[in-house]
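# Structure assessment
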Amino acid sequence: MIYFEETIFDSQEENRVCFACNKDIEKSSKYKNYKICPDLDCNFHFHISAKERIDLIIDPETFKEINKNLTSDFEQIAQEELENYDEKIKSDQFRTGLDEAVITGTAKVNGKQIVIIALDFGFLGGSMGLIVGEKIALSYELAAKKQFPVITIINSGGSRIQEGVISLMQISKTVSAANLLKKSNIPMISILCNPSTGQAMSSFATLSDIIIAEPGARIGYSSYRKLKNKNSDESKDQYTSENFLQRGFIDLVVNRDKMKYQISTLIDILKPKYSYKPKKIKSTKNKNLKFNDPIDALKISRNIKRPKSSDYIKNIFTDFIELHGDRNGDDDNSVIVGIGKIINEPFILIAQERKIISKINNNVERNYNNKIMPSGFKKASRALKLAEKFRIPCLCLVDAVYPELSLKSEYSGLAYSISELISNKLSLETPVLSVIIGEGGSETALAFSIADTVMMQKNSIFTPLSPEEAAKIKLGDSRKVKEISNIMRFTSEECLKLGIIDRIIDEPNDGSHQNHKESAKLLQEGIVEELSLIRSVYPKTLAKRRTNKFRKMGDYSQKYKTDLKTEINIWSSAFRAGVSTFRTNKP
């Protein structure tokens, strides 16, 4: 059976050659087991039934169908249409072996109980009628009652026009049922197959916490055929899962043969069978540290060999799955978001990823395109919501200087996205830790660094603007970084003295760039120690403490008068320089 442009038809060549690339597939175990073309360049995913999709992701012989015999008398259907509609249903029942376009039931994935909902495109296009909507709603209600994760497999298109407005009302019915799980800590995961369009996509399917798609799947609200007719100049390769991944609407594109592993890992992290309760560890923080002078620390923080967030992810996390998108039309790859484990403790990760653009004097020169976009802040806010929903600690790795400054960025809501992220972090009702691992600057670093425990690696820096800019503003020469460095107090040592941070993470001799694995080990120890101190604190108490902490940050007292005066002088000099430049350039 072949799916092509929203049509299913029998193919005599099905068992011999790939429909997409004409390569031989007859002897392929990959095709036999998963209905995937074995050619890596093709990787075409053939249509399979809902029952086959279920069997590929659950533990063998664990599926139990529910609400199988749910029926309706179809009184809402016009009499002249009823006979024809009845014939279509009976025909698809005979051909597919299904009672309706959806199969619902309970099953196990890696030993964990789930509720599963699978729409089958082979039955009236997988469209939602009264019975389909009712079976889906009942499944969500069962999951809410039993506290089971929900896996939805979407293979659907169009509307059940025979049932008229009743079909339309199934959208609100299924959304109201899915909302029962949105405010709980029960995971909802959607798998989008080819095609996934129509009413299912504008209702429960896209409300899931994690959205996964098969490669090349046509997804969206409108059918591919309708979009192609309205946009004849557009490429036929658009409207696919890969396009939606780039635009931030789905988290992952996963091959069918890898789907079970991804699903079981996600459930294991989001809904663990056993709760891990770490013991409080006696802290050894900030003891016997030897600090470099500010200029050396600045150089080390910018060293091109210094570990990036992606390096620490490889060395610290296990079972890490990167998630994509802000669910608002973009996916800023300068921010990495994902879930994984650090020594068996689940974490939501939010990490700024430093990109090496060019090498100048052993430093990293960041260019315009490498700065955090509004999408990056929104992506981080989305990750915080996941952390709070599933009561998982959040870890933030900070290594960026500025947001992207452009008109496009402003129109995309830069200021709003920054303030929203700060607000969300302050009110987050789950533990949150942050570590500045390189060069943290401006509101970009501030928004990502707000946490119950703020840490800095020994040779990292934290500053409102780059030392070069501060030197130019204050001293009139960007080269006078050495002269300005003591005034700015951007080192980890000074930030600890000022009460800006709570802990300094030691580094290998001469900096983290000398030994990535040793640096990762020290960082991991610091994270685990600090989490052990706050893991058992009541969530609302954590949020209240965090808010009070940052409310009192830099309280005006005799201790801070000198520092405040210096800061005011720097900013007033910047303001005067800006006014002077404006007057000079004024026509």
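Residues numbered from 1 in each chain as written. Predicted model: local features only at pLDDT ≥ 70, side-chain atom pairs only at ≥ 80, totals over all residues. Heavy atoms only, no water.

### Let's talk about the overall build of the chain
Within the chain, the regular secondary structure consists of 20 helices and 20 strands. Residues counted as buried form 52% of the 587 residues belonging to the chain. The contacts in the chain between residues at least 6 apart in sequence include a share of 73% that link residues at least 24 apart. Summing over all exposed atoms, the chain offers an accessible surface of approximately 28000 Å²; the carbon and sulfur share of this is 51%. (Helix = DSSP H or I, 4+ residues; strand = E, 2+ residues; numbered from the N terminus. Buried < 20%, exposed > 50% of the residue type's maximum accessible area, 1.4 Å probe, protein only. Contact = heavy atoms within 4.5 Å. Areas by Shrake-Rupley, 256 points an atom, 1.4 Å probe, with all protein chains shown as cover.)

### With respect to the environment of S310
Inspection of the secondary structure puts S310 in helix α10 (residues 309-316). C-alpha separation for the pair S310 and I336, spaced 26 residues apart in sequence, amounts to 8.2 Å. Every residue in contact with S310, bar those within four places of it in the chain, is listed here: I336 and E353.

### Points about the nonpolar core
Ranked by internal contacts, the top residues of the largest apolar core, which has 98 residues, are Y140, F204 and I350. Once residues within four sequence positions are removed from consideration, F204 is found in contact with L119, M128, I136, Y140, T152, I154, T174, V175 and A178. Grouped together as the second largest cluster of nonpolar side chains are 25 residues, F347, A351, I505 and L531 included. (Core = buried A, V, L, I, M, F, W, Y, C linked by side-chain atoms within 4.5 Å.)

### Things to note about the sheet that holds strand β8 (residues 210-213)
Read from one edge to the other, the open sheet built from seven strands follows the order β3-β4-β5-β6-β7-β8-β9, with strand pairing classed as mixed. At either margin of the open sheet sits one strand with a lone partner, and together these are β3 (64-65) and β9 (252-253). One ladder, built from two bridges, connects β8 with β9; its direction is parallel. The partner of I212 across the bridge, within β9, is L252. (Pairing = 2+ DSSP bridges.)

### What to know about the packing of aromatic side chains
All chains considered together, the criterion is met by six aromatic pairs. One aromatic cluster is present, formed by Y31, F44 and F46 through successive ring pairs. When the ring centre of Y31 is taken as reference, the NZ or CZ atom of K35 above it lies at 5.1 Å. (Phe/Tyr/Trp six-rings, centres within 6.5 Å; stacked < 30°, edge-to-face > 60°. Lys NZ or Arg CZ within 6 Å of the ring centre and 35° of its normal.)

### Details of the packing of helix α11 (residues 374-389) against helix α13 (residues 414-427)
Axis separation between α11 and α13 bottoms out at 8 Å; the angle between their running directions is 20 degrees. The angle between the axes of α11 and α13 places the two elements in the roughly parallel class. Read as a crossing pair, α11 and α13 show a hand that is left-handed. Mapping the contact onto sequence places P374, F377, K378, A380, S381, L384 and E388 in α11 and L414, S417, I418, E420, L421, N424, K425 and S427 in α13. (Axes fitted to C-alpha atoms, helices over the stretch in contact; angles between N-to-C directions. Parallel < 35°, antiparallel > 145°, perpendicular 65-115°, else oblique. Left-handed = near helix turned anticlockwise from the far one by under 90°.)

### Thoughts on the confidence of the model for the chain
In the predicted model, the chain carries a mean pLDDT of 84, and 82% of its residues have values of at least 70. Contacts from residues 1-13, a stretch scored under 50 in pLDDT, to residues over four places away or in other chains number 35 contacts. (pLDDT = per-residue confidence, 0-100.)

### Focus on the sheet that holds strand β11 (residues 335-342)
Two pairing modes exist for strands in a sheet, parallel and antiparallel, and in both the strands are linked by backbone hydrogen bonds. Read across the sheet, seven strands follow the order β10-β11-β12-β15-β16-β18-β20 without closing on themselves; strand pairing throughout is mixed. Among the strands making up the open sheet, the edge pair consists of β10 (318-323) and β20 (503-505). Each adjacent strand pair in this sheet contributes to an overall mean axis angle of 25 degrees, direction not counted. For strand β12 (residues 345-352) and strand β15 (residues 394-398), the ladder comprises four bridges, and the chain directions are parallel. Opposite L349, over in β15, you have L395 as the bridge partner.

### Examining a nonpolar patch on the surface
Among the surface-exposed residues, V165, L168 and M169 lie close enough to one another that they form a single nonpolar patch of about 280 Å² accessible area. For V165, a relative accessible area of 55% translates into the label exposed. (Patch = residues over 30% accessible without salt bridge, like charges linked within 9 Å, V, L, I, M, F, W, Y side chains within 5 Å. Salt bridge = Lys/Arg side-chain N within 4 Å of Asp/Glu carboxyl O.)

### Looking at the pairing of β8
Two faces belong to every sheet, and in a regular strand the side chains alternate between them. Residues I210 and I212 point to one face of β8 and I211 and A213 to the other, with burial holding for every one of them. Where strand β7 (residues 188-196) lies against β8, four bridges are found, and the strand directions are parallel. Considered in β8, the bridge of L192 is made with A213.

### Things to note about the state of the cysteines
Under the criterion given, the structure shown has zero disulfides. No disulfide involves C21; its nearest neighbouring cysteine sulfur is the one of C42, lying 3.6 Å away. Left without a disulfide partner, C37 is nearest to the cysteine sulfur of C21, which lies 3.7 Å away. Judged by relative accessible area, C37 falls into the buried class, the value being 1%. (Disulfide = S-S within 2.5 Å.)

### Quick word on helix α16 (residues 481-488)
Turning to α16, its buried residues are V481, I484, S485 and M488. One face of α16 carries all of its buried residues, which in axial projection span an arc of 120 degrees. Facing away from the buried side of α16, by more than 90 degrees, are the exposed residues K482 and N486. (Arc of directions from axis to C-beta.)

### Looking at the environment of I210
Looking at the element boundaries, I210 is found in strand β8. On a C-alpha basis, the gap between I210 and I151 in space is 9.9 Å, while along the polypeptide they are 59 residues apart. Leaving out residues up to four positions away in the same chain, I210 has contacts with M188, I189, S190, D251, L266, L270, L323, R327 and L386.

### Focus: the packing of helix α4 (residues 130-146) against helix α5 (residues 164-182)
Remark: α4 packs on α5, axes separated minimally by 9 Å, with the N-to-C direction vectors making an angle of 5 degrees. Regarding the angle of α4 to α5, the classification is roughly parallel. Every residue of α5 that contacts α4 at L130, G133, E134, I136, A137, Y140, E141, A143 and A144 is listed here: I166, Q170, K173, T174, A177, A178, L180 and L181.

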